[in-house]
Amino acid sequence: MHILRSVRASARHCANYKFTANVPLHRRYYKPWGATIGLELHVQLAAAQKLFSAASAKWDDPPNTNVDFIDAGLPGSMPRLNPECVSLAARAILCLNGQVQPMSSFDRKHYFYSDQPLGYQITQQRHPIGRGGFIELGQTDGLDYTKRVRIHQLQLEQDTAKSVHGAYPGYILTDLNRAGVALVEIVSEPDMETATEAVHFVRKMQTLLRHTGVSSCNMEDGSLRCDVNVSVYRDNEGRLSGTRCELKNLNSLRTIRGAIEAEVSRQIELISAGHRVKQETRGFDAHSGKTVLSRSKETAPDYRYMPEPDLPAVHISEDWIEHIRSSLPELPEATLSRVTRQYGLLSEDVTTMLGEPGCISFFEHAARGRDPKRVAAWITSEIFGQLSYRAQRLSDSTLTVQQFSGLLDALASNAVTSAQAKLLLIEFMDGDKRTADELIQAHGWEVMNDLGRLQDLATQLLEKHPKEAAEYKAGHKRRLNFFVAKIMAATKGQARPQDVSRVLKECLDVKQ
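Residues numbered from 1 in each chain as written. Predicted model: local features only at pLDDT ≥ 70, side-chain atom pairs only at ≥ 80, totals over all residues. Heavy atoms only, no water.

**Examining the overall build of the chain**
Inclusion rule: Secondary structure counts use DSSP, requiring at least four H or I residues in a row for a helix and at least two E residues in a row for a strand, with both numbered from the N terminus. Residue contacts follow a heavy-atom distance rule, with two residues in contact if any of their heavy atoms lie within 4.5 Å. Reported accessibility uses the Shrake-Rupley method at a 1.4 Å probe radius. Residues are deemed covered only where the shown protein chains occlude them. Under this rule, positive means Lys or Arg and negative means Asp or Glu; His and the chain ends count for nothing. Note that the charge is assigned to NZ on lysines, CZ on arginines, CG on aspartates and CD on glutamates.
From N to C terminus, the chain includes 16 helices and 17 strands. A principal-axis box enclosing the C-alpha atoms of the chain has dimensions of 90 × 60 × 55 Å. Residue pairs at least 24 apart in sequence account for 70% of intrachain contacts in the chain once pairs closer than 6 positions are excluded. As presented, the chain carries roughly 25,100 Å² of accessible surface, and 51% of it is formed by carbon and sulfur atoms. If the 63 positive side-chain charges of the chain are averaged to one point and the 61 negative ones to another, these points end up 6 Å apart.

Structure representation (structure tokens):
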């Protein structure tokens, strides 16, 4: 996330610099400046229960319905570690090419706020469950060079409660459903140099963690949140010589990009004008396109970390680690290579399907005995279009692979038109449990194969619209679309457009 432009000595010129997102080589960015960028990702784990209690982890249920004693911070309540969360954290660090630590432990991070009933957060400051690892960025991610971003550590910790603003004027309400939900915090090394690299890093992390079942990683609902550390330096200085500022609570890829570019611009402008960059925590105002001060280093809280006395250290055997490693599915890069080669698909289509949990398996089942390119085209255009419209995930949809396969078979055998197949898909995704054949029969959607009937309709239509027919004969060939649309409406979409077009051309040519 080091994105910079050439800056002249005058701050007046610096204020006018705009940042380009698609510069291909990182060494072209804004000489004589460079940027140093590291990320902290807070990822909600896909565990059924919370990290230290038996309460459900469904934080979006009705407010304050999934709350145990420890989640509410009641005196005398004790944390009990959920082993499912340990397994998911181990899967996460292993899929990132890192190492599960044989011993990890928990610490208390003390601070008082209404969204933290205990008065402290249980985290892993000193001995995290995972260390090391990396993510490799390259051409499949949209870069024309390779970049390895190292992982510093991965730690388990509690999420906070949710503060609800605006429900009652003058009051902030607290929903404890989210309090105690399991998170992993993934801290990268400061290896990134551009906003583009940072965005690709987060996108690839989403794909990895979704693919391995660790998390849904939806930034829209807060199951993935991002903090960014940014500093700048001159080319003749060390990459870590700049003063770091932290950008908090960035909740979309667009916001991450905008915040980094704005902060890099701000720091270059300050230094060029002879000022010093102060170590601060800042937010990003998307309306103004600028970062804003949250707190300075001087006002930052002292968290007074201490070992968690109510939880023993976690000791993990090598056999258990190998068991978790062997349970990992084929990782996305291997899947991309295999599916692209095996089915002859474009890597862009496979990458798109990889971004949707369960989609590759859905595709491979549907592609058995069928044209894989047609299957992939329907998934990436029609199914994904419906999912986007409904704000759904494929795993939440009522569409089954059997229904989709029946739709494709009906389309391949010319039992339905493309328009009718799209209507079938909508019915399936609306929850209809019937098969494609049952729905086709119920709606009377069989394709019209009676070419004599089509010829009669075409003749009647041309007699009814002599002006448009004359325009077609005069060379305005697009007038054919007018007639095709009329016949498709008259047959309620049961005629094949190619049949209609052929019959109309024959009739028009005869008249001509």
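Once the structure has been displayed, the description carries forward.
**Overview of the confidence of the model for the chain**
The condition that has to hold: For every residue, the predictor reports its confidence as pLDDT, a number between 0 and 100.
Mean pLDDT over the chain: 88, with 91% of residues reaching 70 or higher. Note on residues 1–28: pLDDT is under 50 here. Beyond four places in sequence and across chains, it has 97 contacts.

**As for the sheet that holds strand 4 (residues 107–110)**
Operational definition: One requirement defines pairing of two strands: DSSP has to find at least two bridges between them.
Strand order in the open sheet formed by 3 strands is 5-4-16, with antiparallel pairing between adjacent strands. Edge positions in the sheet fall to strand 5 (120–123) and strand 16 (306–307), since each has one partner strand and no second. Where strand 4 lies against strand 16, 2 bridges are found, and the strand directions are antiparallel. Counted as the bridge partner of Asp107 is Pro307 from strand 16.

**A few points about the packing of helix 7 (residues 347–354) against helix 8 (residues 359–366)**
Test applied: All axes here are fitted lines through C-alpha atoms, helices being fitted over the stretch that makes contact, and every angle between N-to-C directions spans 0 to 180 degrees. We call two directions roughly parallel when the angle between them is under 35 degrees, roughly antiparallel when it is over 145, roughly perpendicular when it lies between 65 and 115, and oblique otherwise. Polar here means any residue other than Ala, Val, Leu, Ile, Met, Phe, Trp, Tyr, Cys and Pro, which are nonpolar, and Asp, Glu, Lys and Arg, which are charged; Gly is therefore polar.
Packing of helix 7 against helix 8 brings their axes to within 7 Å, and their N-to-C directions diverge by 120°. By the angle between their directions, the pair helix 7 and helix 8 is classed as oblique. Within the contact between the two elements, helix 7 uses Val350, Met353 and Leu354 and helix 8 uses Cys359, Ile360 and Phe363. For the contact of helix 7 with helix 8, the residue count by class is 6 nonpolar, no polar and no charged.

**Describing the pairing of strand 7 (residues 134–137)**
Rule in force here: For each residue, the accessible area found with a 1.4 Å probe, counting protein chains only, is set against the maximum for its type, and the residue is called buried under 20%, exposed over 50%, and partly exposed in between.
Here strand 7 shows a clear split, with Ile135 and Leu137 buried on one side and none of Phe134 and Glu136 buried on the other. When strand 7 meets strand 8 (residues 147–158), the two strands line up antiparallel, connected through 4 bridges. Bridging across to strand 8, Glu136 finds its partner in Arg148.

**Let's talk about the pattern of salt bridges**
Test applied: Salt bridges, as used here, are contacts in which a Lys or Arg side-chain nitrogen is within 4 Å of a carboxyl oxygen on Asp or Glu.
Counted by the stated rule, this structure contains 26 salt bridges. Here Asp141 ties to Lys204 by a salt bridge, and the two come within 3.1 Å at their closest N and O atoms. Linking Asp141 in the loop between strand 7 and strand 8 with Lys204 in helix 3 (residues 195–211), this pair joins segments that are 63 residues apart in sequence. Assigned by exposure class, Asp141 and Lys204 land together as buried. Residue Glu333 pairs with Lys204 through a salt bridge whose shortest N-O separation is 2.4 Å. Of this pair, Glu333 sits in helix 6 (residues 332–343) while Lys204 sits in helix 3, and the two are 129 residues apart along the sequence. Take Glu333: its relative accessible area is 46%, and that puts it in the partly exposed class.

**Topic: empty space enclosed by the protein**
We apply this condition: Using a 1 Å grid laid over the protein atoms alone, points where a 1.4 Å probe fits but cannot get out form a cavity; open sets with protein on both sides within 12 Å along at least 5 of 7 lines form a pocket; any residue with an atom within 4 Å of a point counts as lining. Grid points are joined across faces, edges and corners, and a volume is the space filled by probe spheres set on the points.
A full pass over the atoms with the stated rule returns 3 cavities of 30 Å³ or more. Along its surface, the second largest cavity is lined by Ile70, Asp71, Gln116, Pro117, Leu118, Gln158, Asp159, Ala179 and Gly180. Of the residues that constitute the lining of the second largest cavity, the class distribution is 4 nonpolar, 3 polar and 2 charged.

**Notes on the nonpolar core**
Condition: By nonpolar core we mean a set of buried residues, namely Ala, Val, Leu, Ile, Met, Phe, Trp, Tyr and Cys, connected to one another through side-chain atoms within 4.5 Å.
Grouped together as the largest cluster of nonpolar side chains are 68 residues, with contacts concentrated most on Leu156, Ile186, Phe201, Val228 and Ile256. Top contributing element to this core by residue count: helix 2 (residues 83–95), with 9 residues. Leu156 has contacts with Leu45, Leu51, Cys85, Val86, Ala89, Phe106, Ile122, Thr123, Gln124, Ile129, Leu183 and Val184, leaving out every residue within four places of it along the chain. The next biggest cluster of nonpolar side chains, apart from the first, holds 38 residues, and it includes Val339, Trp378, Phe428 and Ile440.

**Some remarks on the pairing of strand 12 (residues 224–234)**
Counting buried residues along strand 12, 9 of its 11 residues qualify, which places the element largely inside the surrounding structure. Looking at chain direction, strand 1 (residues 33–44) and strand 12 are connected through 11 bridges and run antiparallel. By the bridge assignment for strand 12, Trp33 is matched with Arg234. Note that strand 12 and strand 13 (residues 245–250) share 4 bridges and pair antiparallel. If you follow Cys226 over to strand 13, its bridge partner there is Leu250.

**Points about the side chain of Thr255**
Its location among the elements puts Thr255 in helix 4 (residues 253–272). For Thr255, a relative accessible area of 16% translates into the label buried. Ignoring sequence-local partners within four residues, the contact set of Thr255 consists of Leu250 and Phe284.

**Considering helix 7**
Let me state the cut-off plainly: What the arc covers is the set of directions going from the helix axis to the C-beta atoms.
Of all the positions in helix 7, only Val350, Met353 and Leu354 are classed as buried. Buried residues in helix 7, looked at end-on, bunch into an arc of 105°, giving them a common side. Lining the buried residues of helix 7 we find helix 3, helix 6, helix 8 and helix 9 (372–390).

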